[in-house]
Each structure stands twice: as structure tokens, then as C-alpha cells.
Amino acid sequence: MDRRSFLTAAGATVSVSFAGCAGLGGSDEASTEASNTDESTASGTSTGDTGGPDETLVVGTYSAFVDSPSTSPGAWVKQRFEEEFDARLIWQTPSNEVNHYIERRNAGVDIEADMYLGLNTDHLVRVDENLDDGLFADVGDVAGQDDIKPGLQFDPDGRAIPYDTGYISLVFDGTATTAPDTFDSLLAEEHAGDLITQNPASSATGRAFLLHTVKQFGPDGYLDYWSDLQDNDVRVLGSWSDAYSAWSGDEAPMVVSYSTDQVFADQNDANLEEHQIRFLNDQGYANPEGMAVFDGADTPDLAREFMGFLLRPEIQGEIAVRNVQFPATESADLPEDYAELAQEPPEPVTFGYNELKGSVSGWISDWERQFASN
Amino acid sequence: MARDLDGGADDSDSDDSEKATEAASSPSRKRGRIVRDTIERWGLVGLAVATIGLLLGIFYYPVATVFIDSVLVDGRWTGRVFVSILQDPFYFGEPGRLLAGEPVGAVIESVLSPDRRLGVIGFTAYQAALSTVASVALGLPAAYLLARYEFPGRRTLRSLTILPFVLPSIMVGVGFVATFGRNGTLNAVLGALGLGEVKLLFTLEAVVIAHAFYNAPLVARVTTAAWESVDASAVETARSLGASPFRAFRDVVAPQLYPSVLMGAALTFVFTFSTFPIVLALGGFQLATVEVFVYRLIRDLEYAEAAALALIELGISLGLLYAYLQYEARHTVQSRGIRPLPRRPLRPPSLSVRELLPRMGLAVYALVALAVFVAPIASMIVASFSGPEGLTLANYQFLIDRQTTGASFQVQPWDAVRNSLLFGVASLAVALPMGVVVAVLTTRDYRGRKLVDAVAMAPLAVSGIVVGLGLLRGLVFGVEVGGSHFAVGGGLAIVAAHAVAGYPFVVRTVAPGLESIDHTLVESARALGAPRARALLDIELPLVWPAVIAGAAFTFAISIGEFSATIVLASGTNQFTMPIAIERFIGRRLGPATAMGVVLLVVTSASFLLIDRLGGDEVGF
């Protein structure tokens, strides 16, 4: 009977796949490592060593750093680092990002990564608000730390150090509108329905834009500003890609995005007139991205060497181009046209750790309650 | 129901007659039969115990680990979190104020006032109700067309109706912007016809249409199956007794369709009640639903409030499902129907008004279906072949490059396809027996079985992220039992999550079929000595086989399309599925993601055609 043979076949498949899954899934680190072993053995022989590399560095990061469809620095950084240091670099990209490690620490499960790359200020606040014992170790001595631009350092406790930064700004289609210069003129009737931004609870750009309004109008005034903005038909969509694709589809001429937008547009021969940048009140909200070593890491010294490596001028320049962000150091080697296309705000603004801790959740939650009240 | 009670009584009778038959046969044959009988008799019990154990292990225990957070705060049991949500007008609208102890009169006054607040929960229910109405309105004509007309490609179309169900919301968002946006296809067509422009995006209407895109196929599919199982002779009898075609439809056909239509509606409501990515992509945050807040609270690790909200969400959905199950129990039509209604040719046999009118209606419907279902999918396909300089294969080249030269830590397209199929087949292999066993258990007769049924349906109403988080904490991180540590790998946990999400569909498609089987058939088999398990395998399942296949298709579809639990559980690129690959391939340009979306479309279309072919030639109970 067809039915019997189908069920038998399905049954056989499931037992095989269960065995397969159990093999793959024991732990993510193990599986990542397993799949990387072949690769590293190959590179080990090519460098002509007698044995394999001495040490392994496991770095947790967000997926776009290693796996975005355009360019991403991950593969390049891995290759350069492994060539120079006698070590193996393994990227780990848990989809829950920092939450993954908080969850593991909370559950008392071993964290197999040595460090995390891509930490921002509110991640750090979340870590500290949810873990009593802490997740990261003191950063200690890292070469090149002194080259970091003043004002980007965001951890008063000296655990995280920045490796790049983005400035959140308006991106507008210059063939359809001219973006206003100030927050107040964004409320003008001619810009009704012109702006798309993102949900501050789930999107870094949306959060930065909300925090910028808190910076501008204060914790007591930003909700009034948003009320006016809502009256002027601002759109808050879910994610950066929701917003950016709606903007690309001409649903509205302005979107909250990064001031490096033209770098990417230029790489794809897009019309730069349609990718104009505007800093409201001549300010851009800075969103520095940092790195930190996990408390209890297997190879903390190698992790610090890696951090120093990332802060070198040539590496900083390459990460900036491939990650479409600004370098964190003054000394980065950037290509000639980078400064023309990637615009830095006359006045960068941002909230530090101490200002966000204990406040950021409340600001977002109050905003949500006002904006979505039905 | 009297029939069920009789059936129960007959069960013990047939056991007696079984023994009598056994006593008459020779001792050695008797021993052999006793062994086989024992296996077959206890087989079903064993499967039932295994199913219940599995459900406890991969659903109730893990999900409970999350929900416990809402009542156990800082080591103390408390109802505080629930109370504060229930009293909060932000969540519960004006009734929340009533629970907060405000005077009844004042609350009633504000409910009647024009600026009353629905609250997030009220609004979520409101949009779910609208979405349900739209889905039923769009699904029924499709069921009518598929069940009552014959035309080339009907079976293929029928198989593919499930396709919208699996499309990731990201892709649907892309397709909808391209179709209904300011510069979209719809406005281009309206402009060409000299009609005004419509502004649909970022409105509740856009969200409702997108929900109909997802759920109308569900309504269509279950209703088609019911319509095809209507017995032609009953209609013929009614007609021969002088009933008009309309009267025959109203009195004979329609009552057999109501349970399916309502089931489609109930499921649509439950799904759209716990929706969120479509709302945020096409509507905007001002239309935020409960699930948006569940997600955000979980992301911020505020589990107490998140779990409480998710439980309230679950309570509402389960209440509705329970009400439906009560209705279903009262309205199952027993049928021996083996001869389905004959299908009419789509090309009208004559030019009479009676032949032309319904076909003109279908033509109008076809235009609507073209706009709602075909255009968004077509837009997505077109986008995958488009680049800055027009037509290009660059997006597919990207997929090939990523496959051939991508690093091991990057998502590879083929691996995603393979994982999706593997997880799909594996979860099918778990969900299908589970679903059939639960269907059998819930069609037995005992007090409170509808409650058991509703409890078994709970996975439909628990959000994917709660299931994912529960499995992560409960199984992947492991549990200490008697000093040993038990942990389950991420891949297994993904299969568990998919199977748990899918098996209720097997139950809901198979149970009504089992219930409507003429019980004398089973009783005769048992009187002739067949144990319960054999009667199920040889008599009941073949009779409801199309329903089993329909449930299998849904289970597979859910596995392919599942995102939120998978993303929580997948612990490396070697466990990423097609929807996750699509999400990873999104950048400033959507090309690579849409190309991966087309791969998903092709792979799943082929799978559904295959699954439906397993259903045998003609469908009908």
C-alpha cells in the first residue's frame, strides 16, 4: 500500500535526521568548530607550520558583520588575523545576539565565546540590568586604545571599547523633496507624511532617532514633540529594512538611516541625488559599536591582541569601508573618496551609559504607550 | 450524542464477541493471536501515552518554564503582574478601568463616548475580526470554484492554494509594497483606466488585505475539502422532492460546509490575533498588536510581563477555539458519502442566465484574486530578476557565489534548502502520528473531551517566540534530573517546535472525518475480531486519507514557513532554514533576498504538488 510505504519511508527519514540533528546540535559552538576544523587545518598547512594553530579565539558578533549580502568585514578580518597570529578565529553569530549570552549566563550554561564584537550602549545597560555577576571582564591593556576618538568611549566601567561608529541621520530623495534643517521644521505642513522611521524597541536606527529627540527636547518634552510628529503623519515601521524598502519604493521621500548611505549607493552606481543626507539641527546621533572580553574566557590574552589588531590604522580603514560605518580611531587609513561620501555631523551627540541606565526602557515604553494607544 | 453513547456501549459488546470467537479457534492459533492482539490493542494506548509524553516534554514543560515567570517573581508567587495588565487601559481599554475599580457608570459612559479606547488587546481583536471577515470573503469563492468546477490545472491550483501560507512576511511585505504602494501596480492599473490613485500602505486596510493573503487560502482549502465530501445523492433526493437548487444548497449542502468555514475562520482569528511582522511592515507602529509587545518585552528580557501578556493572548485564543470545538461537536454530519457532487465545466454549456451568472461572478473574483494573491507573488519574482540596470540574473549569481565561495560561517542557499526540507520531513514524521492519535483520542466519548481537545490545540495559539524560548531554556540548555544533565540539540529542538506547531492541523482535518465515519463499519470490523489499532489502520484511516494528506500539507507548510522559534533555536549556519536565509540576505538592495524567496517558492510548490499526489486521484471522504 502506498500509505504504508510512505509512512515507513517517512519513519526511516526521521530516525536518520534525528541522529543527524543530535550530532549537529549538541552545542552550537561545537558544531561551528567542527565545520571550521577542516578550513583551519587547510590554512595551517598553507602557512607551513609543523602543527595546527596554537590557540583558538571564538568571537560572538551580529550576523551582518560576517554575512551581509553586500560587503561585510568578517571573512577579511578572519583571514588577516589568522595569517598574522598563529591562531584560529571562529565567528559565532547567535540570532539573539547579546541576549544569547545573557540567557546562557542566567541559565548557568557555559559561554564558549571569548569575546563579543558589536556591543552598543543599550546592550551594555541590558546586560547590567539583568545579570548581577556581570558578563564581561575588565578590558585591561589594549594596544591602540589611545587612538580612539574622545567621546566614543561609552562604558564608564572600562569593559567595552569602541571599534567603529555610525551616525544616524535623515536620508532623503533630493529629486522629491528637500529635507528640513531642524527638528521643528520637520513639523511643517509641507513635510506631512514625508518621514519614515523605525520602531525604537527593535531597531537601532529607530532607537537612535528616538534618543536624539530625548536629547533635543528632554525627558519631559520629547513625548510632546512626538505627538506633533504623529499629527504630521510620521510613519514608524518595524525594522530598518521595512523602512528602507518602503522608502526605496517611493512611499515617502525621507527615512531615518545612516549618514554613510552614499558609500553604498555609490558602490552600486545609484543616483546620489536620490541619496541625500540631512543632519537635523546640525547634529547626528552617534551609535558607537564596541567589543568586550567575556568574563571567564579561555583565551583572554589572545582576545586583547585581537582588539589591538582591530584598532590598527589599516584594519580600522578596511572595516569602515566594508561595514559602511565610521572608524573609531583618529588614525584610521581611509580611502580618498570616503570622506566625500560618508558624512560626519558637525556636532555628534549621544547618551552615555550612565544616562541610559535606568532610563532608556522607560523612555521607550512611555513612547510606545503614547504612540500606539488605540 | 446518542450515536456516540451507543458506540461506547457497543465497544464492550464487541469485546465479548471477540472473546467468543477466540474461544472457538485452536489453542496455538489462539496464543499467536493473543500476542498480536495484545500488541495491536495496546499499540494505540502506547502511541497515546507516547504522544502525551512527547507533548508534555516538547511543549507543555518548555512553555511552562516561560509562563512560570509571570507568576513567580523574585522567588515569590504572585498574581500582581496579571492584575496590573488587566487593570491597564493601555492594554485592556475601558474595561481595564472597570477592573481597576472605577465606578461602572463612569466606565460605561466612556465606552459609549466616541473617543473610547480599545486598548492594545481590544484593537488586536478588532483587526483580527476584520482580517477574518476578509479571509472568509476571499476564501469561499475559491472553494466554490475548486470544488464545483472542472478545468485544466484544477488539481495543481488546488495544491498551490497553500503557497501563500509559507511565504515569509518579509517577502509578502516586499510584494505588497510593489503591488499596493503609491507607485505600485494597482495604482498604475487604476491610472491607466483613468481612475484615481489609492493610498493603501500604512493603513489598517493594507494589514487586513495582507492577512487575507495569508489566511484566505486556509479557508479555501478546508472548505473545498468539505464541499468535495458532500454526498451527491442527498442533494439529488432534495431536488427530486421539489427543492429549488438554492433551497437544496441551503438545506443540504450549506450545513455540511459551516463547520469547515467556521474552523477556517477560527484559525484565521487565532493566527491574526497573534500576528506582528506584517502589522509593523505594512501598517506601522500605531497599529501595534499584543504580539509586538510580547516580542519587545522578551527582547528586553522582561519575562514576567511578557509571559503574562502571552498567557492572556493564549487564553483569548483558546477560549475561541474551545467555543468552535463545542460547535463542531454539535454539528458534525455523519456521512457515508462516497459519491461527490459532479463538477461543472468552467466553460458554460449554454448561454442561459443561470449558467452565465455564477461564472461572471467567478470572473470578477478572479480579478480580485489576481490583485491580492498573484500580483504580490509576481512582484516578488520580478524583483528577483531586477537590478539597477533592469533585467539581470545578478541576484541568482549571488546565491551561486555564496554557495561556492561563501565561508562556513555564512548562510549557504543550498544548506538552507536542505535544512528546510529535512526539518519539514522530520516534523511531518512526528506530527502526523501525533495528530492522528490525538484525533482518535478526541473523537472517543468521555466527559470533558472538548476541553482535552482545546488543550491539545494550544500550540496553535502560543506564539513562536514563546515556544522557542521555552525549548531553549527547557531542552537546549538542559534539565537536571536526579543529578544527570539532559540536553537536546538545537536541530532536534527545531523539529520539536515545528511538529508541535503543525500537529493541531492534522487533528483538525482528521478529527471531523473520523467522527463522521459510519460507526457500524468500525463496529463490524471489531465484531469480526479486529483490535482497535487494526480497525483504525484498515478502516478509518483509508476513509479519511484525504484529510490526513491535507493535515500533512499544513504541517509541512508550517515547518517551511516557521521563523520565530527557528531563529531562537538555530544555533549555527548549519541549522538555518530558507526563511532565515532570506532574512540574512536582506540588505540595502532586496535582490538577493527576493532571489532566495523565489527558491523557497519553487521548492515548496514542488513539495506541495508531491504531497497532494500522495492523496490519491480523487479527493473526497
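Everything numeric here is computed off the predicted structure, so don't read it as measured data. (Residues numbered from 1 in each chain as written. Chains lettered and ligands numbered in written order. Predicted model: local features only at pLDDT ≥ 70, side-chain atom pairs only at ≥ 80, totals over all residues. Heavy atoms only, no water.)

(A) Structural view of the overall build of chain A. From N to C terminus, chain A includes 15 helices and eleven strands. Of all 374 residues assigned to chain A, the portion counted as buried reaches 57%. Within chain A, contacts between residues separated by at least 24 positions form 78% of all contacts whose residues are at least 6 apart in sequence. Of the roughly 14200 Å² that chain A leaves accessible, carbon and sulfur atoms contribute 44%. (Helix = DSSP H or I, 4+ residues; strand = E, 2+ residues; numbered from the N terminus. Buried < 20%, exposed > 50% of the residue type's maximum accessible area, 1.4 Å probe, protein only. Contact = heavy atoms within 4.5 Å. Areas by Shrake-Rupley, 256 points an atom, 1.4 Å probe, with all protein chains shown as cover.)

(B) Geometry of the overall build of chain B. Helices and strands together make up the secondary structure of chain B, namely 27 helices and eight strands. Taking 2.2 N^0.38 as the reference for a compact globule, 621 residues should give roughly 25 Å; the C-alpha atoms of chain B span a radius of gyration of 26 Å, in line with that estimate. Seen through its C-alpha atoms, chain B measures out along the principal axes to roughly 80 × 80 × 70 Å. Restricting to contacts in chain B with at least 6 residues of sequence separation, those with at least 24 account for 78%. Across chain B, the mean location of the 48 positive side-chain charges is 4 Å away from that of the 48 negative side-chain charges. (Rg over C-alpha atoms; globule rule 2.2 N^0.38 Å. Lys, Arg positive; Asp, Glu negative; His and termini not counted. Charge placed at Lys NZ, Arg CZ, Asp CG, Glu CD.)

(C) Layout of the side chain of A:His275. All names here are of chain A. Its location among the elements puts His-275 in the loop between α10 (261-267) and β8 (276-278). For His-275, the side chain forms a polar contact with the side chain of Asp-261, separated by 2.6 Å. Sequence-distant contacts of His-275, that is, excluding residues within four places in its chain, are made with Val-171, Phe-172, Tyr-244, Trp-247, Asp-261, Gln-262, Ala-265 and Ala-270. (Polar contact = N/O pair within 3.5 Å; in protein donor to acceptor, adjacent residues only side chain to side chain.)

(D) How the structure looks around the side chain of A:Gln316. All names here are of chain A. On the secondary structure map, Gln-316 appears in helix α12 (residues 313-323). On the basis of relative accessibility, which here comes to 1%, the residue Gln-316 falls in the buried class. There is a polar contact of 3.0 Å between the side chain of Gln-316 and the backbone oxygen of Tyr-163. From its side chain, Gln-316 meets the backbone oxygen of Leu-310 in a polar contact 2.9 Å long. Excluding residues that lie within four positions of it along the chain, Gln-316 makes contacts with Tyr-163, Leu-310, Leu-311, Pro-327, Ala-328, Thr-329 and Ala-332.

(E) Just a negative patch on the surface, in detail. Residues A:Asp266, A:Asp269, A:Glu336, A:Asp337, A:Glu340 and B:Glu389 make up a contiguous surface patch of negative charge. Position of A:Glu340 relative to the elements: it lies in helix α13 (residues 338-341). (Patch = residues over 30% accessible without salt bridge, like charges linked within 9 Å, V, L, I, M, F, W, Y side chains within 5 Å. Salt bridge = Lys/Arg side-chain N within 4 Å of Asp/Glu carboxyl O.)

(F) The environment of B:Leu357, seen in detail. Residue and element names in this part refer to chain B. Tracing the backbone through its elements, the reader meets Leu-357 in helix α16 (residues 353-384). Take Leu-357: its relative accessible area is 55%, and that puts it in the exposed class. Residues Leu-357 and Val-111, 246 residues apart in the sequence, show an inter-C-alpha distance of 45 Å.

(G) Representation of a nonpolar patch on the surface in the model. The grouping of B:Leu98, B:Val104, B:Ile108, B:Val111 and B:Leu112 at the surface amounts to a nonpolar patch, some 450 Å² of accessible area in total. Structurally, the position occupied by B:Val104 is in helix α5 (residues 104-112).

(H) Geometry of the nonpolar core. With 280 residues, the main nonpolar core has A:Trp91, A:Phe209, A:Trp226, A:Phe306, B:Phe285 and B:Phe293 as its most contacted residues. Among the elements that line this core, the one with the most residues is helix α21 (residues 490-516) of chain B, at 14 residues. (Core = buried A, V, L, I, M, F, W, Y, C linked by side-chain atoms within 4.5 Å.)

(I) Layout of unusual backbone geometry. At A:Asp250, a position not held by glycine, the phi torsion is positive, near 65°. Structurally, the position occupied by A:Asp250 is in the loop between α9 (240-248) and β7 (254-258).

(J) Summary view of the interface of chain B and chain A. The partner chain A presents 74 residues to the 69 residues of chain B that form the contact. At the boundary of chain B with chain A, total buried surface from both sides reaches about 6500 Å², with 58% on carbon and sulfur atoms. Area buried by chain B at its contact with chain A is led by B:Phe285, B:Phe409 and B:Arg588, which between them contribute 15% of it. Where chain B packs against chain A, one counts five salt bridges. The shortest N-O distance in the salt bridge between B:Asp300 and A:Arg126 comes to 3.9 Å. The interface formed by chain B and chain A includes 16 residue pairs in polar contact (both at pLDDT 80 or more). (Buried area = accessible area lost by both parts, 1.4 Å probe.)

(K) Helix α27 (residues 591-613) of chain B, seen in detail. Taking 1.5 Å per residue as the helical rise, α27(B) with its 23 residues ought to reach 33 Å, and the 33 Å between its terminal C-alpha atoms agrees with that figure. Of all 23 residues making up α27(B), 17 are buried, and the element is well covered by its neighbours. (Expected span 1.5 Å × (residues − 1).)

(L) A look at the confidence of the model for chain A. Across chain A, the average pLDDT comes to 85, with 86% of residues at or above 70. In the model, residues 1-50 of chain A has pLDDT below 50 throughout and makes 57 contacts with residues more than four positions away in sequence or in other chains. (pLDDT = per-residue confidence, 0-100.)

(M) Local environment of the pattern of salt bridges. Summed over all chains, the structure comprises 35 salt bridges over all chains. The salt bridge involving A:Arg235 is made with A:Asp233; its shortest N-O contact spans 3.0 Å. Look at A:Arg235 and you get buried, because its relative accessible area is 13%. Between B:Arg221 and B:Asp612 there is a salt bridge, with its nearest N and O atoms 3.1 Å apart. Taken together, the residues B:Arg221 in helix α10 (residues 204-228) and B:Asp612 in helix α27 connect sequence positions 391 residues apart. Judged on exposure class, the residue B:Arg221 and its partner B:Asp612 are both buried.

(N) Local environment of the packing of helix α6 (residues 119-148) of chain B against α10(B). Residues and elements named next belong to chain B. One way to put it is that α6 packs onto α10 with a least axis distance of 5 Å and a crossing angle of 45°. In terms of orientation, α6 and α10 fall into the oblique class. By crossing handedness, the relation of α6 to α10 is classed as right-handed. (Axes fitted to C-alpha atoms, helices over the stretch in contact; angles between N-to-C directions. Parallel < 35°, antiparallel > 145°, perpendicular 65-115°, else oblique. Left-handed = near helix turned anticlockwise from the far one by under 90°.)

(O) Region of the structure containing the pairing of strand β5 (residues 195-198) of chain A. All names here are of chain A. Residues Leu-195 and Thr-197 of β5 are buried on one face, and the alternating residues Ile-196 and Gln-198, pointing to the opposite face, are buried as well. In the sheet, β5 pairs with β7 via two bridges, with the strands oriented parallel. Across the sheet, Leu-195 pairs through a bridge with Met-254, a residue of β7. The sheet contact formed by β5 and strand β6 (residues 235-237) spans three bridges and is parallel. (Pairing = 2+ DSSP bridges.)

(P) Structural context of the packing of aromatic side chains. Under the definition given, this model contains 50 aromatic pairs over all chains. Centre to centre, the rings of A:Tyr101 and A:Phe294 are 4.8 Å apart; their planes meet at 45°, and the pair counts as tilted. Placement of the pair is A:Tyr101 in helix α5 (residues 98-107) and A:Phe294 in the loop between β9 (283-293) and α11 (300-310), with a sequence separation of 193 residues. With a relative accessible area of 1%, A:Tyr101 lands in the buried category. Judged by relative accessible area, which is 2%, A:Phe294 ranks as buried. Between B:Phe213 and B:Tyr214 the ring centres are 5.8 Å apart and the planes differ by 80°, which places this aromatic pair in the edge-to-face class. Both residues of the pair, B:Phe213 and B:Tyr214, belong to the buried class. (Phe/Tyr/Trp six-rings, centres within 6.5 Å; stacked < 30°, edge-to-face > 60°.)

(Q) Spatial organisation of the packing of helix α18 (residues 413-443) of chain B against α21(B). Residue and element names in this part refer to chain B. Packing of α18 against α21 brings their axes to within 6 Å, and their N-to-C directions diverge by 40°. Viewed along their axes, α18 and α21 adopt a mutual orientation that is oblique. Here the hand of the crossing between α18 and α21 comes out right-handed. In terms of residue class, the contact of α18 with α21 is made up of 19 nonpolar, seven polar and one charged. (Nonpolar A, V, L, I, M, F, W, Y, C, P; charged D, E, K, R; others polar.)

(R) Quick look at the environment of B:Ala497. All names here are of chain B. Its location among the elements puts Ala-497 in helix α21. Accessibility expressed as a relative area gives 5% for Ala-497, which makes it buried. When the C-alpha positions of Ala-497 and Thr-275 are compared, they lie 18 Å apart, and in sequence the two are 222 residues distant. Leave out the neighbours within four places in its chain, and Ala-497 touches Val-467, Leu-471, Ala-565 and Leu-569.

(S) Geometry of the pairing of β7(A). Residue and element names in this part refer to chain A. Within β7, five of the five residues are buried, leaving the element largely enclosed by the surrounding structure. Bridge count between strand β4 (residues 161-172) and β7: five bridges; the pairing is antiparallel. Bridge pairing links Val-171 to Val-255 in β7.

(T) Highlighting the confidence of the model for chain B. Residues and elements named next belong to chain B. When the pLDDT values of chain B are averaged, the result is 86; 93% of them are 70 or greater. Within chain B, the lowest mean pLDDT, 42, falls on helix α1 (residues 2-24), and the highest, 96, falls on α6. Here residues 1-23 is a poorly scored stretch, pLDDT under 50, and it has 26 contacts once near neighbours within four places are set aside; other chains count. For this predicted complex, the interface confidence score (ipTM) comes to 0.86, while the overall pTM stands at 0.87.

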